[in-house]
Amino acid sequence: MSENKAHIAQKAPYAVEVEAGKSYWYCTCGKTGGQPFCDGSHKGSSFVPKEYKAEKSGTAYFCGCRHSSNGVTCDGNHQKL
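Residues numbered from 1 in each chain as written. Predicted model: local features only at pLDDT ≥ 70, side-chain atom pairs only at ≥ 80, totals over all residues. Heavy atoms only, no water.

Undergrad: Would you mind going over the overall build of the protein chain with me for this structure?
TA: What the protein chain contains, in helices and strands, is zero helices and four strands. Written out in order from the N terminus, the α and β elements of the protein chain read β-β-β-β. For 81 residues, the compact-globule estimate of 2.2 N^0.38 gives 12 Å, and the C-alpha radius of gyration of the protein chain, at 12 Å, lies within 12% of that figure. For the protein chain, the spread of C-alpha atoms along the principal axes amounts to about 35 × 30 × 20 Å. For the protein chain, the proportion of contacts with a sequence separation of at least 24, taken over those separated by at least 6, is 59%. If you sum the accessible surface of the protein chain, you get close to 4800 Å²; carbon and sulfur atoms cover 47% of it. Both charge centroids of the protein chain, one from 10 positive and one from 7 negative side chains, sit 7 Å from each other. (Helix = DSSP H or I, 4+ residues; strand = E, 2+ residues; numbered from the N terminus. Rg over C-alpha atoms; globule rule 2.2 N^0.38 Å. Contact = heavy atoms within 4.5 Å. Areas by Shrake-Rupley, 256 points an atom, 1.4 Å probe, with all protein chains shown as cover. Lys, Arg positive; Asp, Glu negative; His and termini not counted. Charge placed at Lys NZ, Arg CZ, Asp CG, Glu CD.)

As structure tokens, this is what we get:
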């Protein structure tokens, strides 16, 4: 993996049920085996996981392509790739 370019895990969001007040650690490198959450696969690179704190319980759509302008949640940019 390039030091400054994330791996595109998939060109679609990950729909995940989240719980209000709970923190989730989103993988920014795209190499994790537990998509979309960090498993430490970024070790030795410049990538670090990003915290997503759920404001409410329900479905959150986490970015699968790592090109979202929203940070960790999908904004549809995968349709342009």
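Moving on from the coordinates now.
Undergrad: Explanation requested: the side chain of N77 in the structure shown.
TA: Its location among the elements puts N77 in the segment after β4 (58-62). The exposure class of N77 is buried, given its relative accessible area of 14%. Side-chain polar atoms of N77 contact the backbone oxygen of H67, separated by 2.9 Å. Leave out the neighbours within four places in its chain, and N77 touches H67, S68 and S69. (Buried < 20%, exposed > 50% of the residue type's maximum accessible area, 1.4 Å probe, protein only. Polar contact = N/O pair within 3.5 Å; in protein donor to acceptor, adjacent residues only side chain to side chain.)

Undergrad: So what exactly am I meant to see when it comes to unusual backbone geometry here?
TA: Note the cis peptide between Q35 and P36, where omega equals 0°. Inspection of the secondary structure puts P36 in the loop between β2 (23-26) and β3 (50-53). A positive phi angle, near 70°, is found at R66, a position not held by glycine. Turning to its location among the elements, R66 is positioned in the segment after β4.

Undergrad: Where do I start with the environment of T32 in this structure?
TA: Structurally, the position occupied by T32 is in the loop between β2 and β3. Taking relative accessible area as the criterion, T32 reaches 6% and is therefore assigned buried. In this structure the C-alpha to C-alpha distance between T32 and A6, which are 26 residues apart in sequence, comes to 11 Å. Discounting residues that sit within four places of it in the chain, T32 has contacts with C27, F37, C38, D39 and S41. A polar atom in the side chain of T32 sits 3.2 Å from the side chain of D39.

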